[in-house]
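Structural overview for review
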Amino acid sequence: MDNRTPLLILSVIAVSLLSANAFAESMIRIGCVGEAEGAKVFINGEFADNCPANLFIEPGRKRIRVVQSLGEDYERVFETELVLRADSPKRVNVELSQPRLTAEAKRARADRTLSEARDGNIEAMRRMASFYREGSGVEKNIAKAEGWDNKARSAELASEADAVRQRAERGSVDAMRELAGLYEEGRGVDRDTEKAARWRRKAEESEADLTLIRAKSGEVEAMKAMSERYAEGKGVEKDQSKSEEWASRADEITQASLNEKKATERRQQARKELDYL
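Residues numbered from 1 in each chain as written. Predicted model: local features only at pLDDT ≥ 70, side-chain atom pairs only at ≥ 80, totals over all residues. Heavy atoms only, no water.

1. Topic: the overall build of the protein
Keep this limit in mind: Secondary structure is summarised from DSSP: a helix means a run of H or I of at least four residues, a strand means a run of E of at least two, and numbering begins at the N terminus for each. We call a residue buried when its accessible area falls under 20% of the maximum for its residue type, exposed when it is over 50%, and partly exposed in between, using a 1.4 Å probe and counting protein chains only. Every residue pair with non-hydrogen atoms within 4.5 Å of one another is taken to be in contact. Method for areas: the Shrake-Rupley scheme with a 1.4 Å probe, in which residue coverage is limited to the protein chains shown.
Regarding its fold elements, the protein presents seven helices and nine strands. Each of the 277 residues in the protein was classed as buried or not, and the buried ones make up 31%. In the protein, the proportion of contacts linking residues at least 24 apart, taken out of those at least 6 apart, comes to 46%. For the protein, the accessible area works out to roughly 17,800 Å², and carbon and sulfur atoms hold 46% of it.

Here it is, written out as structure tokens:
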């Protein structure tokens, strides 16, 4: 297809044919150049002729639409409105638009998108909002556009919440805490303070289990953390004796480490003294 946009020259000449026994009539002369030849001419929605054409019609407000078909789904279009008066000839030079979807193709696209949106496709919901906002393939309706925008946002939040839930169920402590927050706020899920509390409790219990494993492997900071957890009942049942036990283990290892460090320093000092003998 030639990418050069054909010039559609629309020459409008209103001629008064007034007489005592006749009504006024105007002539519209439409000249089409290049690929625009053969394009269909519509006056006030009714087919009038193909380009080029000389048309005689009554004066008044006229909607002129010239359409060049580009297959089943695309077309090039020129549209304008004129007020034709018998005593006021007009001349307009215009260009056909770039290829765009036909009204029927827009309706078909909107129908497909609506079906996808009703099935839960978030991007389709956003497209439907855009179609209603622009009146593309559907009647322009700002309320419906906002409605589909809201549905898209709600569906997106629900999808994000579901992803967080899946991570939480696989054992992610961070996801458990995030999910508790979602239930507390009612963001992407129905607000449920009981579920929020349950997921927070599960997060604390899971974190306590992980900390206990590290403590048993000899990690001093984990031992101190377990001592605090047992003292506060955080993720575990409150148990003062276990709290003291873990604190004692941490102190023993810390003290042993300090003793070893001091012994190492003494050995190093002794070697330096021998070197001077």
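There's more to say after this.
2. As for the pairing of strand S7 (residues 74–84)
Short version of the rule: Two strands pair if DSSP finds at least two bridges between them.
In terms of strand pairing, strand S6 (residues 60–70) meets S7 through eleven bridges, oriented antiparallel. Residue pairing in the sheet places serine 69 in a bridge with glutamate 75 of S7. Following S6, the chain reverses through three residues before pairing antiparallel with S7; glycine 71 in that reversal takes a positive phi of roughly 85°. Pairing analysis gives two bridges linking S7 to strand S9 (residues 100–101), with the strands arranged antiparallel. Across the sheet, residue glutamate 75 finds its bridge partner in S9, namely arginine 100.

3. Section: the nonpolar core
What counts here: By nonpolar core we mean a set of buried residues, namely Ala, Val, Leu, Ile, Met, Phe, Trp, Tyr and Cys, connected to one another through side-chain atoms within 4.5 Å.
With 17 residues, the main nonpolar core has Ile28, Ile30, Val41, Ile43, Cys51, Leu55 and Val66 as its most contacted residues. Formed by 15 residues, the second largest nonpolar core is a distinct cluster that contains Ala124, Phe131, Ala152 and Ala155.

4. A word on the confidence of the model for the protein
Operational definition: The quantity known as pLDDT measures the predictor's confidence residue by residue, on a range of 0 to 100.
Looking at the protein, pLDDT values average 85 and 87% of them are 70 or higher. Confidence scores differ between elements of the protein, with strand S1 (residues 7–13) showing the lowest mean pLDDT of 40 and helix H2 (residues 122–134) the highest of 97. Counting interchain partners and residues more than four positions distant, the pLDDT-below-50 stretch residues 1–23 has 87 contacts.

5. Considerations on helix H3 (residues 142–169)
To keep it simple, the criterion reads: The length a helix should cover is 1.5 Å for every residue beyond the first. Any pair of N or O atoms that falls within 3.5 Å is considered a polar contact. Within protein, one atom must be able to donate a hydrogen and the other to accept it, and sequence-neighbouring residues count only if both atoms are side-chain atoms.
For H3, built from 28 residues, the straight-helix expectation of 40 Å at 1.5 Å per residue is met to within 8% by its first-to-last C-alpha distance of 40 Å. Within the span of H3, buried status applies to Ala145, Trp148, Ala152, Ala155, Ala161, Val164 and Ala168. Taken together, the buried residues of H3 touch helix H1 (103–118), H2, helix H4 (173–185) and helix H5 (193–216). Where H3 begins, the capping side chain belongs to asparagine 141, and its oxygen is found 3.1 Å from the backbone nitrogen of alanine 143. Phi turns positive, to about 110°, at glycine 171, one or two residues after H3.

6. Considering the pairing of S6
Sheet analysis places strand S3 (residues 40–43) next to S6, joined by four bridges and oriented antiparallel. The residue bridging phenylalanine 42 from the neighbouring strand is arginine 65, located in S6.

7. Things to note about the packing of H2 against H3
We count it as follows: Angles run from 0 to 180 degrees between N-to-C directions of axes, and those axes are lines fitted to C-alpha atoms, restricted for helices to the stretch in contact. If an angle is under 35 degrees, it is roughly parallel; if it is over 145, roughly antiparallel; if it lies from 65 to 115, roughly perpendicular; otherwise it is oblique. With the far helix as reference, a near helix turned anticlockwise by less than a right angle produces a left-handed crossing, and one turned clockwise produces a right-handed crossing.
Where H2 contacts H3, the axes come no closer than 7 Å and their chain directions differ by 165°. As judged from the angle between their axes, H2 and H3 are roughly antiparallel. As for how H2 packs across H3, the hand of that crossing is left-handed. Judged by residue contacts, Ile122, Met125, Arg126, Met128, Ala129, Tyr132 and Arg133 of H2 engage Ile142, Lys144, Ala145, Trp148, Asp149, Lys151, Ala152, Ala155, Glu156 and Ser159 from H3.

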